[in-house]
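Chain by chain, the residues run as shown.
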Amino acid sequence: MGPKAKKKSGSKKKRITKADQLKQLQEEEERRQKEEEEARVKYEKEEMERLEIQRAEKEKLRKLEAKDLERRNGELEELYLLEACFPEAEKLKRDSRLLSQWKHYIQCDGSPDPSISQEINTFISLWKEETNETFEAVTAKSKLVLNLIEKLKLILLETPSYDLQEKNIIQYQGSILELQELLHLKFNIATEILLRQASPTPGSRTGTGPWPVRNGATQKEQASTLADLDSGNMEKVIRDENVTVYVWANLKKNPRYRSIRFSETQTGFEIPRILATSDIALRLLHTRYDHVTPLGPVPTASQEHTSTVTYFGKDEVKSVEAAVSKDVQEEYKEQENESNSVHEEETKVDEQGGIEGQTSSVQEESEATKYELEMKLLSETVSAAQLLLLENASEKPYFFEENEVDLCQFTALGGVHHLDILELPPQCKPRKGWMIVEILKEGLQKYTYPPETAEDFETENTFPPIEVMLEVHENVIFFENPMVARWDAEGKHWKTDGISNVSYKSEDRLITFSLDTFGPVTLIQDAHVNMPYQSWELRPLDVNKVLLTVTTVFTEIQIQIKENLCMLASIKLNNQKHSSILEEKWMTPVSFIIALKEAGLNIFPTGHSHFYVVINYKLPLVEVKAYRQMALLSSAFAFGWSKWNTVCNSDKVVFQVREHLPKEEPIQNPNWTLLMFNGDRAQSLKINESSDAFSEALKEETEFHSTLYHMVKDFASKEAMKKVRCSSCQFVDSVCHMLLSTRLLSYS
């Protein structure tokens with residue numbers, strides 16, 4: 001038989017009918033509807049749960065807000081009592097200013113009180129009458145003069161604006177300008193005396209001749225030592241803590257000696273041929289101070305605000321005194337009426353004793369009421385003055401001349417270098433054992449270079465710029481290459497034109513540049529080179545002692561604050577410690593801020609700084625309230641920078657806080673609490689510094705409070721709160737002043 005036939009591999013598939021298709025579609029539709037219904041029910045359930053959670057959270061927040069509102073008055077009253085330290089500190093500062101005047105009066109050391117116009121005017125008049133003073137005498141006297149100028153400047157800066165009258169400001173600034181001008185005049189006269197004795201001429205004795213003469217011993221000594229043995233020209237360097245004078249006199253007029261270097265210094269000049277053959281002298285007077293830049297405006301409170309406060313205070317005091325006197329009279333009348341019903345002699349004694357006792361009690365109440373009123377008014381005035389410190393200028397300064405230095409953006413550092421080309425005065429001449437010198441009535445004359453008319457000269461290269469080499473002061477820090485500015489005497493401002501070929505060697509601290517014409521020059525730096533800050537921290541060290549650390553792009557500055565004094569603790573440049581002359585020197589906050597600025601360590605914004613720095617603007621009132629309350633808590637709590645402060649609105653500030661008792665050992669990873677404060681409400685945030693996004697959600701198991709003090713009180717120990725309540729008023733005021741001056745919450 002043959003093989004069986006194979007079955008067909010694929011039998012006929014059963015065809016799907018339309019009914020089956022409809023059934024499948026119906027089943028799929030039912031399944032889809034069921035899934036949608038389940039999703040809808042699930043969504044509604046989740047939405048209900050979410051709404052319930054929101055409702056519960058809102059209800060919880062409503063209760064917390066109601067609770068905060070209920071206790072708000074009590075918390076603000078307690079804060080008001082704690083902030084009484086600010087007017088108390090201001091009262092102590094007033095007393096200290098009066099005490100310093102009294103101490104100066106009883107010292108009787110012969111120095112004038114610069115705040116008294118009669119004394120300072122007498123001092124200036126007497127010094128003007130003194131003649132023939134040498135450099136040594138002027139530099140010795142300059143210490144007293146600079147001290148008087150510094151005192152006047154401190155009076156203008158430390159005295160609150162509401163205590164300064166316009167006439168006093170004019171008087172103090174006028175005295176400062178007179179002292180500055182007279183001091184510079186004295187240095188010019190001393191230079192003339194020195195240059196007259198430049199020639200190395202022998203002389204055995206001095207005496208009178210056709211012209212007046214100077215002290216013979218001094219002349220003989222200087223005549224034999226001032227001339228350089230190699231060049232035959234005079235060279236003299238006189239150093240002082242405040243002034244350094246470099247004098248060079250061209251006695252030989254040798255065209256080959258065009259390179260001038262003062263011995264044991266890097267300071268010098270490269271002069272053109274025409275000056276090398278002229279009867280001239282070069283003087284570089286380097287003053288560590290700046291008496292060239294015009295005095296800045298003194299910050300004053302609004303006249304309307306000040307007068308309102310003053311008149312309001314006077315009216316209330318008068319009404320209180322009138323009410324008190326009326327009560328006293330009524331008490332007297334009552335006592336007199338009662339005395340008529342008793343025997344005369346006995347009633348006299350009783351009446352006198354009763355009247356005296358009740359009168360004294362009423363007077364005590366009157367004194368207490370007046371003191372309370374005085375402190376209340378002082379508290380309001382201090383708060384207004386603190387708010388004034390944070391006011392931003394509404395308009396940027398406008399400058400009319402090209403190349404004019406904007407002193408709101410730049411600052412002069414290292415003092416002023418007065419560069420002068422002088423006509424060589426007549427020299428001392430020996431005549432029969434006498435030294436004779438001609439005195440010019442005009443005094444020291446400046447040599448004009450280049451001359452105003454140069455028609456006789458063929459080429460323009462006859463008067464090339466003069467190359468100058470200057471040593472940068474060792475106590476000044478430049479974070480960038482310094483710029484050179486010259487003083488424009490006509491416009492009364494610094495300018496950057498007429499200066500070329502500027503070169504700075506940071507290792508040698510030597511700057512070289514070329515000047516078209518001589519005059520005062522200074523080195524300038526961007527005043528905001530260390531702004532904005534990268535981070536900051538305020539940490540307690542001991543009782544009434546804290547450490548403020550400010551970190552910038554270039555440096556880390558640590559400042560210690562104790563009682564009413566501040567000190568530079570350390571500086572780090574490029575993560576390496578840098579020594580400074582300011583370290584370990586305790587100063588008042590205002591003096592300390594001035595010293596740091598003069599050293600190039602400016603971390604103190606002004607009202608115009610927001611035009612030159614990208615800042616994190618915060619409402620001034622919120623800032624003031626935050627700084628005041630941070631200062632109150634600073635003896636037991638550490639505060640730190642938070643990245644979320646830049647994210648929140650301008651009406652809120654965010655920072656880190658933690659309890660930190662001075663006896664505790666440093667913690668590597670401390671547990672910080674994130675606080676948000678808007679001036680009227682403080683809260684702990686649920687997020688931390690490591691969170692991905694910002695949220696104002698309230699931290700679990702925490703509440704709202706009206707003040708930072710009561711906010712931290714929720715998680716603080718009793719010991720910490722005890723330290724807060726025992727803080728010195730002067731310490732709290734100094735910490736607050738430093739926070740207001742650095743504006744950490746806006747410039748970080």
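All figures in this text were calculated on a predicted structure; none of them were measured in a lab. (Residues numbered from 1 in each chain as written. Predicted model: local features only at pLDDT ≥ 70, side-chain atom pairs only at ≥ 80, totals over all residues. Heavy atoms only, no water.)

Asks: I'd like to hear about helix α3 (residues 117-129), residue by residue, with values.
Replies: With 13 residues, α3 should cover 18 Å at 1.5 Å per step; its first-to-last C-alpha distance of 18 Å lies within 8% of that length. All of the buried residues along α3 are Ile120, Phe123, Ile124 and Trp127. Buried residues of α3 fall within an arc of 95° about the axis and therefore sit on the same side. Exposed side of α3, more than 90 degrees from the buried face: Gln118 and Glu129 are the residues found there. On its buried face, α3 sits against α4 (135-158) and α5 (166-196). (Helix = DSSP H or I, 4+ residues; strand = E, 2+ residues; numbered from the N terminus. Expected span 1.5 Å × (residues − 1). Buried < 20%, exposed > 50% of the residue type's maximum accessible area, 1.4 Å probe, protein only. Arc of directions from axis to C-beta. Contact = heavy atoms within 4.5 Å.)

Asks: Could you give an account of the nonpolar core, with specific residues and numbers?
Replies: By size, the foremost hydrophobic cluster in this structure holds 74 residues, and its most contacted members are Ile559, Met630, Phe637, Phe639 and Phe655. Every residue in contact with Phe655, bar those within four places of it in the chain, is listed here: Trp536, Met630, Phe639, Gly640, Ser642, Thr673, Leu674, Leu675, Leu708 and Leu745. Ile120, Leu182, Tyr289 and Leu422 belong to the second largest nonpolar core, which has 37 residues in total. (Core = buried A, V, L, I, M, F, W, Y, C linked by side-chain atoms within 4.5 Å.)

Asks: I'd like a rundown of the packing of aromatic side chains, residues and numbers included.
Replies: Within this structure, the stated rule accounts for eleven aromatic pairs. Measuring from ring centre to ring centre gives 5.2 Å for Trp487 and Trp494, while their planes differ by 70°; the resulting arrangement is edge-to-face. For the pair Trp487 and Trp494, a shared accessibility class is recorded, and that class is buried. Both rings, one in Trp644 and one in Phe694, keep their centres 6.0 Å apart while their planes meet at 35°; by these two values the pair is tilted. In this pair, Trp644 sits in the loop between β20 (637-640) and β21 (653-659) while Phe694 sits in the loop between β23 (682-684) and α12 (708-713), placing the two residues 50 residues apart along the sequence. Under the relative-accessibility criterion, Phe694 is labelled partly exposed at 22%. Feature note: the residues Tyr246, Phe262, Phe269 and Phe518 constitute an aromatic cluster, connected by ring pairs. Of note, Lys562 hangs over the ring of Trp586, and the distance from its end group to the ring centre comes to 4.5 Å. Taking NZ or CZ as reference, Arg658 lies 4.9 Å from the ring centre of Trp672, over its face. (Phe/Tyr/Trp six-rings, centres within 6.5 Å; stacked < 30°, edge-to-face > 60°. Lys NZ or Arg CZ within 6 Å of the ring centre and 35° of its normal.)

So, to be careful, I would describe these as geometric facts and stop short of saying anything about function.
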